[in-house]
Amino acid sequence: MGQESDTAAYVLNSKYRRGVLRELGDTDRATPTQLAEAVDEPRPHISRALSELREEDVVELRVSEGRSVGRYYGLTDDGEGVWTEIRDRLRKVEWSVSEPSTDRQRRLVDRARDAFGDELRSVGCCEGDSVRFLFADEAVLSDYSTEAFEEMLRTFLFDHSLSEVTIPTDSCQSEVTHFEEFSVLRVPTGEAAGVFVSVAGDGGLDTPDFAETVASMFDDRPP
């Protein structure tokens, strides 16, 4: 990895500046209140970080200076460059592979195996930037370098704009993400948590019945 720029180092030196850059990197604009809620930090700290980043020409106010409410901020062109430089460091994904530890998790893996057979690639749980694989076909890990695998996880968790997303059913708020070689079904099971199943190719994940079955297994309880 090359040496980072002075501005990138300045951003990385503060968790509040890191949080602001990460959130504005993933959205077009946001108010201080929205940013504070997104990064779960006190608004005064976020407001100070915004002021610091404006001084470094990383962030700009997107409305008139005299406006007292709805003060939206976004990244400048220089800020976009800094975001590109350190994006992967700010979007680090924690992942692990372990056997199912609850009856529901074991039933989830068994149902997925029954439904998709040899097409099944992985089954797991995700929450925020953490992913736990309950089952992973050996080829899923052996076919990719660690860097390439983690990049796929970042795309899955953060970059839905880079993929085709379909909603298999109105009654079950699930989504299917189609990648080049595989597809992933994700079903929310709580405020921030969810379970996912990936299969080779399209794999029939658009079938509503399977998504609803997964959702019913985790109703009102985290995985």
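Keep in mind the model is a prediction, meaning the values are calculated, not measured.

Draft legend 1. Fine view of the side chain of Thr 76. Tracing the backbone through its elements, the reader meets Thr 76 in the loop between β2 (73-75) and α5 (77-90). Reaching out from Thr 76, the side chain makes a polar contact with the backbone oxygen of Asp 57 at a distance of 2.6 Å. When residues no more than four places from it in sequence are discounted, the contact partners of Thr 76 are Asp 57, Val 58, Val 59 and Glu 60.

Draft legend 2. Region of the structure containing the packing of helix α2 (residues 15-25) against helix α4 (residues 43-55). At a minimum axis separation of 9 Å, α2 and α4 run at an interaxial angle of 75°. The angle between α2 and α4 falls in the class roughly perpendicular. Seen from α2, the contacting residues are Tyr 16, Arg 17 and Val 20; seen from α4, they are His 45, Ile 46, Ala 49, Leu 50, Glu 52 and Leu 53.

Draft legend 3. Main features of empty space enclosed by the protein. Applying the stated rule across the entire model yields one cavity of 30 Å³ or more. Roughly 160 Å³ of internal volume is contained in the largest cavity. Taken together, 13 residues make up the lining of the largest cavity; nearest its centre are Ser 122, Phe 133, Leu 153, Phe 182 and Val 184. Elements represented by at least two residues in the lining of the largest cavity include exactly β4 (120-127), α8 (146-158), β8 (182-188) and β9 (193-200). Sorting elements by how many residues they give to the lining of the largest cavity places α8 first, with four residues. Here the lining of the largest cavity is composed, by residue class, of ten nonpolar, two polar and one charged.

Draft legend 4. Region of the structure containing the state of the cysteines. Inspection of the entire model under this criterion finds zero disulfides. Here Cys 125 is not cross-linked by a disulfide; its sulfur's nearest cysteine counterpart is in Cys 126, at 7.7 Å. The class for Cys 126 is buried, based on a relative accessible area of 7%.

Draft legend 5. Representation of α4 in the model. For α4, spanning 13 residues, the distance from its first C-alpha to its last is 18 Å, which sits close to the expected 18 Å at 1.5 Å a residue. Listed in full, the buried residues belonging to α4 are Ile 46, Ala 49, Leu 50 and Leu 53. Seen from one end, α4 has its buried residues packed into an arc of 105°, which puts them on one side. Away from its buried face, by an angle of more than 90 degrees, α4 presents the exposed residues Pro 44 and Glu 55. Against α1 (6-12), α2, α3 (32-39), β1 (59-61) and β2 lie the buried residues of α4. The first or second residue beyond α4 is Asp 57, which carries a positive phi of 60°.

Calculation rules
Residues numbered from 1 in each chain as written. Predicted model: local features only at pLDDT ≥ 70, side-chain atom pairs only at ≥ 80, totals over all residues. Heavy atoms only, no water. Helix = DSSP H or I, 4+ residues; strand = E, 2+ residues; numbered from the N terminus. Polar contact = N/O pair within 3.5 Å; in protein donor to acceptor, adjacent residues only side chain to side chain. Contact = heavy atoms within 4.5 Å. Axes fitted to C-alpha atoms, helices over the stretch in contact; angles between N-to-C directions. Parallel < 35°, antiparallel > 145°, perpendicular 65-115°, else oblique. 1 Å grid on protein atoms, 1.4 Å probe; cavity = no way out; pocket = protein on both sides within 12 Å on 5 of 7 lines; lining within 4 Å. Points joined across faces, edges and corners; volume = space filled by probe spheres on them. Nonpolar A, V, L, I, M, F, W, Y, C, P; charged D, E, K, R; others polar. Disulfide = S-S within 2.5 Å. Buried < 20%, exposed > 50% of the residue type's maximum accessible area, 1.4 Å probe, protein only. Expected span 1.5 Å × (residues − 1). Arc of directions from axis to C-beta.

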